[in-house]
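Residue-level listing of the chains:
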Amino acid sequence: MHPPSTHDGPPDAPPVSTRRRTGGRLRFVPEHLEYFEERLLAAVLHVIVLRGGMTDRERRSVMERLAAIPDGEERVLLATGR
């Protein structure tokens, strides 16, 4: 059985699960990062974004922010390798 989903994103983006989960993965193009980041910030306390082409300093900063999130607080990590 598949989880319920909605499709309120860009036309070429995959549907998003509406169930609370501890992990999941969607495939999308870099242009979708900003779209999802904006929408998730309204619902999730911590939204972390990794983009392809980030410098070592930028990646370290993002990883430090991720590590600083207390256990038990919700978070979403959006990433692309492009």
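See the structure shown above.
Predicted model only: the values in this text are computed from it and were never measured.

Analysis parameters
- Residues numbered from 1 in each chain as written.
- Predicted model: local features only at pLDDT ≥ 70, side-chain atom pairs only at ≥ 80, totals over all residues.
- Heavy atoms only, no water.
- Helix = DSSP H or I, 4+ residues; strand = E, 2+ residues; numbered from the N terminus.
- Buried < 20%, exposed > 50% of the residue type's maximum accessible area, 1.4 Å probe, protein only.
- Contact = heavy atoms within 4.5 Å.
- Areas by Shrake-Rupley, 256 points an atom, 1.4 Å probe, with all protein chains shown as cover.
- Phe/Tyr/Trp six-rings, centres within 6.5 Å; stacked < 30°, edge-to-face > 60°.
- Pairing = 2+ DSSP bridges.
- Right-handed = clockwise from strand over helix to strand, strands pointing away.
- Salt bridge = Lys/Arg side-chain N within 4 Å of Asp/Glu carboxyl O.
- Arc of directions from axis to C-beta.

Visitor: Account for the overall build of the protein chain, with residues named and values stated.
Guide: Per the secondary structure count, the protein chain includes two helices and four strands. Listing the helices and strands of the protein chain from first to last along the sequence gives β-β-α-β-α-β. Counting all 82 residues of the protein chain, 21% fall into the buried class. Of the contacts made within the protein chain by residues no fewer than 6 positions apart, 44% connect residues no fewer than 24 positions apart. Summing over all exposed atoms, the protein chain offers an accessible surface of approximately 6,500 Å²; the carbon and sulfur share of this is 51%.

Visitor: Before we move on, could you go through the packing of aromatic side chains and cite the residues and values that matter?
Guide: Within the structure shown, the criterion is met by one aromatic pair. Ring geometry for Tyr-35 versus Phe-36: centroids 5.5 Å apart, planes at 90°, classification edge-to-face. Judged by relative accessible area, Phe-36 falls into the buried class, the value being 9%.

Visitor: Pulling in residues and values, what's your account of the pairing of strand β3 (residues 46-50)?
Guide: Taken across its five residues, β3 has four buried, putting it largely inside the fold. Examined bridge by bridge, β3 and strand β4 (residues 75-79) share five bridges and lie parallel to one another. Directly across from Val-47, in β4, lies its bridge partner Val-76. Following the backbone out of β3, through helix α2 (residues 56-67) and into the adjacent parallel β4, one traces a crossover that is right-handed.

Visitor: Describe the pattern of salt bridges, with residues and values.
Guide: In this structure the tally under the stated criterion is three salt bridges. Measuring nitrogen to oxygen at the nearest pair gives 3.6 Å for the salt bridge that ties Arg-39 to Glu-38. Overall, the relative accessible area of 43% leaves Arg-39 in the partly exposed class. Between Arg-59 and Asp-56 there is a salt bridge whose closest N-O contact spans 2.2 Å. Here the residue Arg-59 and the residue Asp-56 both occupy positions in helix α2, the gap between them amounting to three residues, near one helical turn.

Visitor: Can you explain helix α1 (residues 31-41)? Please cite residues and give values.
Guide: When α1 is considered as a whole, its buried residues turn out to be His-32, Leu-33 and Phe-36. Buried positions in α1, seen along its axis, are confined to an arc of 105° and lie on one side of it. What points out from α1, more than 90 degrees from its buried face, is the exposed set Glu-31, Glu-34 and Glu-38.

Visitor: Help me get a handle on the environment of Arg-65, residues and values and all.
Guide: In this structure, Arg-65 sits in helix α2. Judged by relative accessible area, which is 45%, Arg-65 ranks as partly exposed. Discounting chain neighbours no more than four positions away, the residues touching Arg-65 are Val-47 and Ile-48.

By themselves, these observations are geometric and do not establish any function.
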